[in-house]
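Letter by letter, the chains look like this.
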Amino acid sequence: MPRAGDLGEQRTVGEPPVGIDELLERVRLDLDRVTPRQAHDTAADGGLLVDIRYAALRDRDGLIPGALVVERNELEWRLDPQGSHRAPQAVGHDLRVVVICNEGYASSLAAVSLRQLGLRHATDLIGGFQAWKAAGLPVER
């Protein structure tokens, strides 16, 4: 039987569809989501912050210094350590990755997708970039 947080689980015929709120709740069961301070500490200890916000939000609000910017639609290709289109930072499956979206919703789904690729330490930032900024952590324009 698939785990509750498995994005790839199949519905049984006649089973009601799962809404996005329930799906989000399910996938978060398997994530050790982090606070802005914990994300900052992860980066300081060699982990990778990955900003998946779209360009307009990055232009409006700024960037987290040192974060790898990867559009959401390229995330799996860029972070798969075995992939032909991987980013230089995608050094192995043990890499600690914190995915950051604007408010901490899309990043949960993205982190689970990375876990399915074997990045077992992938997680996301509670509250997203907005929580990072509100915590007074570094932002560059």
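Values in this document were obtained by computation on a predicted structure and should not be read as measured data.

(A) Up close: the sheet that holds strand β2 (residues 68-69). The four strands are arranged β2-β1-β3-β4 in an open sheet whose pairing can be described as parallel. Among the strands making up the open sheet, the edge pair consists of β2 and β4 (122-124). For strand β1 (residues 48-51) and β2, the ladder comprises two bridges, and the chain directions are parallel. By the bridge assignment, D51 is partnered in β2 with V69. Together, β3 (97-100) and β4 form the strand contacts of helix α5 (residues 106-116), whose direction differs from that of β4 by roughly 180°.

(B) Looking closely at the packing of aromatic side chains. All told, the structure shown has zero aromatic pairs when counted by the stated rule. One cation-aromatic arrangement involves R53 over F129; the distance from NZ or CZ to the ring centre is 3.8 Å.

(C) Layout of the pattern of salt bridges. Within the structure shown, the criterion is met by eight salt bridges. Counted as one network, the salt bridges with shared partners bring together R60, D61 and K133.

Basis of the calculations
- Residues numbered from 1 in each chain as written.
- Predicted model: local features only at pLDDT ≥ 70, side-chain atom pairs only at ≥ 80, totals over all residues.
- Heavy atoms only, no water.
- Pairing = 2+ DSSP bridges.
- Helix = DSSP H or I, 4+ residues; strand = E, 2+ residues; numbered from the N terminus.
- Contact = heavy atoms within 4.5 Å.
- Axes fitted to C-alpha atoms, helices over the stretch in contact; angles between N-to-C directions.
- Phe/Tyr/Trp six-rings, centres within 6.5 Å; stacked < 30°, edge-to-face > 60°.
- Lys NZ or Arg CZ within 6 Å of the ring centre and 35° of its normal.
- Salt bridge = Lys/Arg side-chain N within 4 Å of Asp/Glu carboxyl O.

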